[in-house]
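Topology and contacts: notes
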Amino acid sequence: MQFSEHSSEAPLDGAIETIEDIPGEGDEQIVSYWIQQLDLSRKVNENWLRSASNTVEKYSGTGSERRSNQHNILWSNTETLRPALYNSTPKPDVRRRFRDKDPVGKQVSEMLERALSYTIDAYDFDTVIGKAVLDYVLPGRPMVRVRYKPTYKITPEKKKFLDPNDHMVSSGEFDESGMPLSEFQYPEGAQLDKERDLHFIMEPERKLLTYEEATCENVEWDRFLHDPCRSWDDVDWIAFEHHLTRDELVRNFKDGPAGDKVETMDLNMESSAQLSEKQRETDIFKKIVVYEIWSKPDKKIYFIAESYKDSPLKVESDNLNLKHFYPVPPPIYAVDNTTNLVPTCEYTLYKDQADELDRVTARINKLIQGLRLVGVYDGTIPEMDKLKNSAENELVAAENVNRLNDIGGLKNAVFFWPIEQTSAVLINLYNQRKQLKDLIYEITGISDIMRGTTDPRETKGAQAIKANWGGQRIQRRQKAVERYVRDIIRLKGEIIAEKFSAQTLKLMTGRDVTPEMEKIMRSDALREFRIDVETDSTIAATQQEEQKEVVTFLKGFSDFVAGLGPAVESGYITAKASKAMAMAAARRFKFGREVEDALNEMDAEGADEKQNQDGGRPSAEDQKAQADMQNSQMEMQMKQQVQQADMQAKQQEAQLKAQVQQQEMQMKQQAQQQEMEMKQAQMQMDGDIKREAAQEATRLASMEMEAKLDLMEREMEGKLDIEREKASASVSIARYTAESKPQPTNGKS
């Protein structure tokens with residue numbers, strides 16, 4: 001095993017200097033080396049893995065941190081960004097790199113483009129890229145792996161009978177007449193079938209290639225590790241984490257260095273302390289964690305199980321022969337970082353604001369639960385119970401109208417629980433929540449025009465400016481996703497060119513593969529020098545833009561033909577040269593290949609030959625035809641100019657109408673807004689007046705009640721004084737009467 005200077009001197013936590021310092025020998029040392037590398041990578045990514053797990057749980061509304069009353073702004077932002085980043089299946093665009101005349105390169109380009117289009121349509125490519133975009137927005141790094149999947153047919157061992165005539169040779173002897181004698185000479189291992197009296201040999205079991213696929217699949221964000229570096233170009237290894245059952249382990253690795261030990265190997269997944277609760281999947285079968293490590297320095301693939309340290313489970317050589325070795329494109333990151341390759345979750349950039357938004361929402365919900373229309377009413381009025389149970393537009397007869405008049409009507413018989421303070425707090429909380437959302441949108445770059453919300457008072461130009469600036473921030477991410485998808489398709493194209501057989505390519509594309517085409521496809525240098533693999537946009541283009549491109553080409557081509565036609569007819573320029581110029585221009589357009597094929601069907605050489613036979617001088621009939629053609633062209637040009645002028649006039653008229661309508665709409669919106677503001681102000685004034693009147697009536701009623709109570713108190717005090725005076729007078733009279741009564745004397749009268 002050979003290691004580059006970078007990997008051999010990797011400071012595994014500062015514990016060793018070279019790979020020779022790792023304990024063990026041979027295969028055991030290799031396993032120990034890779035286990036330490038995996039441990040270091042996990043340690044470097046530890047904080048991100050924890051943050052990514054929390055972010056995914058927050059998005060899905062699960063996990064321990066979920067609140068009962070929360071505003072999941074992360075889900076809202078993610079669902080807004082996903083269709084903005086990817087919403088259209090890309091179409092492979094394979095062309096000659098320099099757009100020059102290269103028939104073989106054109107054939108290879110067309111074949112690769114057809115094959116790539118088929119491989120994209122053969123499975124759900126959009127779902128794979130959609131999940132990758134979700135990993136890009138949430139954990140901060142997507143990972144898509146490209147696979148080569150050949151399909152084989154096993155032909156069992158069978159007898160191959162030999163034709164005796166094919167194995168008859170001269171024995172070197174002659175018969176009596178001098179004719180040479182012959183004998184049968186069969187290959188070694190041939191046997192005689194006594195029933196058929198023929199010799200045969202046993203053809204071994206064969207594996208025949210019947211079909212090939214180039215697919216891609218998502219790699220879970222927490223099941224991928226790589227060499228900790230500053231740049232992807234410096235990464236010496238990557239690792240895919242697999243969870244295998246016993247049957248899968250035996251089927252894949254029984255023929256490897258571990259041999260029969262895989263049948264008794266410890267399935268350590270449930271007991272591994274390095275796995276999170278999410279990784280400890282619920283399954284009826286125990287599993288083992290196996291790492292598939294792609295080592296770039298020695299171009300080998302190691303399968304390592306941390307529970308088995310004697311040797312790798314399997315070691316394979318690189319069988320894809322990719323230019324950059326790894327079956328994954330360079331990753332893209334939601335938050336760029338030039339110091340290391342550790343991803344950052346975008347959600348962490350506004351997590352504090354999101355948490356505060358949840359707290360504000362929870363407070364709003366609690367206040368709304370307590371905000372109820374409750375109160376008390378005067379129970380001495382019997383009509384109140386009837387009113388509560390009455391139907392709509394129903395009047396209830398009053399039994400004592402004087403009582404209602406005394407209290408000033410029904411409005412003074414009902415007293416509501418005060419909610420003004422709660423309403424004021426709610427208004428402030430709603431404003432605070434809106435400010436928090438605006439701040440989060442500013443951090444993430446999601447403008448309100450992209451979320452589908454607009455202000456009716458804004459002009460079309462203002463909305464366009466907002467959308468443009470919002471697009472400036474999202475455009476970089478769209479380009480990153482487009483580049484990532486293009487790199488995936490390039491890897492698929494590289495596998496198709498390197499691995500697919502001519503028979504498979506013919507089945508997919510309907511085109512034969514010539515030796516010249518195969519030479520270009522199998523050679524990295526020739527393929528890269530002559531073929532360029534791109535994709536169209538992953539953001540859906542409008543049909544109007546495609547039609548505009550077609551109209552632009554047709555107009556330019558018609559002007560080219562009209563301007564160059566007389567020169568070709570006069571012999572100043574050959575038809576072949578004009579055809580070459582037209583094809584060179586057509587190659588610059590997306591649909592240029594179809595135009596080029598159509599131009600190739602034109603017999604330019606025959607036209608040049610006829611022109612040379614005529615000596616370059618047109619006949620009278622040709623001159624007349626040329627004059628008629630020129631007149632027709634001039635008439636057509638005049639018609640086109642008139643039509644163009646009419647179209648421009650109509651466009652200007654339509655623009656003026658649109659401007660007038662827009663101004664009228666703006667004026668109507670402004671008038672409606674002013675009217676609404678006036679109504680709101682009037683309603684507020686009416687409410688203030690009514691509230692002040694109610695307060696004044698309440699104050700007067702209170703004063704009246706206090707006066708009545710004071711009067712009653714005085715009357716009672718007066719009555720008490722009179723009664724006391726009466727009682728005192730009675731006592732005085734009684735005392736006087738008793739004193740003035742004559743006293744009896746010794747029984748004598």
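Thresholds, definitions, all that
Residues numbered from 1 in each chain as written. Predicted model: local features only at pLDDT ≥ 70, side-chain atom pairs only at ≥ 80, totals over all residues. Heavy atoms only, no water. Helix = DSSP H or I, 4+ residues; strand = E, 2+ residues; numbered from the N terminus. Buried < 20%, exposed > 50% of the residue type's maximum accessible area, 1.4 Å probe, protein only. Contact = heavy atoms within 4.5 Å. Areas by Shrake-Rupley, 256 points an atom, 1.4 Å probe, with all protein chains shown as cover. Pairing = 2+ DSSP bridges. Axes fitted to C-alpha atoms, helices over the stretch in contact; angles between N-to-C directions. Phe/Tyr/Trp six-rings, centres within 6.5 Å; stacked < 30°, edge-to-face > 60°. Lys NZ or Arg CZ within 6 Å of the ring centre and 35° of its normal. Patch = residues over 30% accessible without salt bridge, like charges linked within 9 Å, V, L, I, M, F, W, Y side chains within 5 Å. Salt bridge = Lys/Arg side-chain N within 4 Å of Asp/Glu carboxyl O. Core = buried A, V, L, I, M, F, W, Y, C linked by side-chain atoms within 4.5 Å. Parallel < 35°, antiparallel > 145°, perpendicular 65-115°, else oblique. Left-handed = near helix turned anticlockwise from the far one by under 90°. Nonpolar A, V, L, I, M, F, W, Y, C, P; charged D, E, K, R; others polar. pLDDT = per-residue confidence, 0-100.

Quick look at the overall build of the protein chain
- In terms of helices and strands, the protein chain carries 20 helices and 16 strands.
- Expressed as a percentage of the 749 residues in the protein chain, the buried residues total 32%.
- In the protein chain, the share of contacts with a sequence separation of at least 24, taken over all contacts with a separation of at least 6, comes to 71%.
- Accessible surface for the protein chain amounts to roughly 47,900 Å². Of this, 52% is attributable to carbon and sulfur atoms.

Focus on the sheet that holds strand β3 (residues 158–161)
- Spatially, β3-β7-β6 is the arrangement adopted by the 3 strands of the open sheet, whose pairing is antiparallel. Looking along the sheet, the strands with just one partner apiece sit at the ends: β3 and β6 (191–193). Geometrically, the sheet is characterised by an average inter-axis angle of 50° between neighbouring strands, direction not taken into account.
- As paired elements, β3 and strand β7 (residues 198–203) share 4 bridges and run antiparallel to each other. Among the inter-strand pairings, Lys160 is bridged to a residue of β7, identified as Ile201.

Observations regarding the pairing of strand β10 (residues 237–244)
- The element β10 is extensively covered by neighbouring structure, given that 7 of its 8 residues are classed as buried.
- For β10 and strand β11 (residues 288–295), the ladder comprises 8 bridges, and the chain directions are antiparallel. Note that in β11 the partner of Phe240 across the bridge is Glu292.

As for the packing of aromatic side chains
- Counted by the stated rule, this structure contains 13 aromatic pairs.
- The interplanar angle of 40° and the centroid separation of 5.7 Å between the aromatic rings of Trp34 and Tyr302 together place this pair among those described as tilted. With Trp34 in helix α2 (residues 27–44) and Tyr302 in strand β12 (residues 300–305), this pair connects stretches of sequence that are 268 residues apart.
- We classify Trp34 as buried; its relative accessible area is 1%.
- Accessibility expressed as a relative area gives 2% for Tyr302, which makes it buried.
- Grouped by ring-pair contacts, the aromatic residues Tyr33, Trp34, Trp237 and Tyr302 constitute a single cluster.
- Of note, Arg145 hangs over the ring of Phe240, and the distance from its end group to the ring centre comes to 4.3 Å.
- In this structure, Lys207 is placed above the aromatic ring of Tyr152, and the distance from its NZ or CZ to the ring centre is 4.5 Å.

Considerations on a nonpolar patch on the surface
- Where nonpolar side chains cluster on the molecular surface, the patch consists of Tyr152, Ile154 and Leu209 and spans about 250 Å² of accessible area.
- Within the secondary structure layout, Tyr152 lies in strand β2 (residues 144–155).
- The exposure class of Tyr152 is partly exposed, given its relative accessible area of 39%.

Digging into the pattern of salt bridges
- By the definition in use, this model includes 23 salt bridges.
- A salt bridge links Glu399 to Lys386, with the nearest nitrogen and oxygen atoms 3.6 Å apart. Taken together, the residues Glu399 in the loop between α9 (383–388) and α10 (401–407) and Lys386 in helix α9 connect sequence positions 13 residues apart.
- We classify Glu399 as exposed; its relative accessible area is 61%.
- Salt-bridge contacts for Asp487 lead to Arg486; the nearest nitrogen and oxygen are separated by 3.0 Å.
- Taken together, the shared-partner salt bridges in this structure form one network comprising Asp39, Arg42 and Glu306.

What about the nonpolar core?
- In terms of nonpolar packing, the biggest core is built from 73 residues, with Phe125, Ile238, Leu249, Val290 and Leu313 touching the most fellow members.
- Per-element accounting of this core gives the leading share, 11 residues, to helix α12 (residues 460–499).
- Among residues more than four places away in sequence, those in contact with Leu249 are Leu244, Lys254, Val262, Met265, Leu267, Ile288, Val290 and Leu313.

Details of the sheet that holds β12
- Ordered in space as β9-β10-β11-β12-β13, the 5 strands form an open sheet in which the pairing is antiparallel. The open sheet has two edge strands with one neighbour each: β9 (224–226) and β13 (314–317). Each neighbouring strand pair of the sheet contributes to a mean axis angle of 20°, computed without reference to strand direction.
- Bridging between β12 and β13 involves 4 bridges; their strand directions are antiparallel. When the sheet's bridge partners are listed, Ile301 is paired in β13 with Glu316.
- Sitting on the sheet, helix α7 (residues 246–253) is in contact with β10, β11, β12 and β13, with an inclination near 130° to β10.

Considerations on unusual backbone geometry
- The residue Lys299 is not glycine, and still its phi comes out positive at about 55°.
- Positionally, Lys299 belongs in the loop between β11 and β12.
- Judged by its relative accessible area of 37%, Lys299 falls in the partly exposed class.
- Phi angles above zero are rare outside glycine, and Asn393 is one such case at about 60°.
- Structurally, Asn393 is set in the loop between α9 and α10.

Things to note about the packing of helix α8 (residues 351–370) against helix α11 (residues 420–444)
- Look at α8 against α11: their axes get within 10 Å of each other, and the N-to-C directions meet at 155°. Judged by the angle between their axes, α8 and α11 are roughly antiparallel. Note that α8 runs across α11; the crossing there is left-handed. Across the interface between the two elements, Gln353, Ala354, Glu356, Leu357, Val360, Thr361, Arg363, Ile364, Leu367 and Ile368 of α8 pack against Thr422, Val425, Leu426, Leu429, Tyr430, Gln432, Arg433, Leu436, Lys437, Leu439, Ile440 and Ile443 of α11.
- Grouping the amino acids of the contact of α8 with α11 by side-chain chemistry returns 14 nonpolar, 4 polar and 4 charged.

Remarks on the environment of Asp266
- Here Asp266 is to be found in the loop between α7 and β11.
- A sequence separation of 41 residues divides Asp266 from Ser307, and the C-alpha atoms of the two residues are 6.6 Å apart.
- Ignoring sequence-local partners within four residues, the contact set of Asp266 consists of Ile288 and Ser307.

Let's talk about the confidence of the model for the protein chain
- When the pLDDT values of the protein chain are averaged, the result is 78; 75% of them are 70 or greater.
- For residues 1–12, every residue scores under 50 in pLDDT, and the model assigns this stretch 31 contacts once sequence neighbours within four places are set aside.

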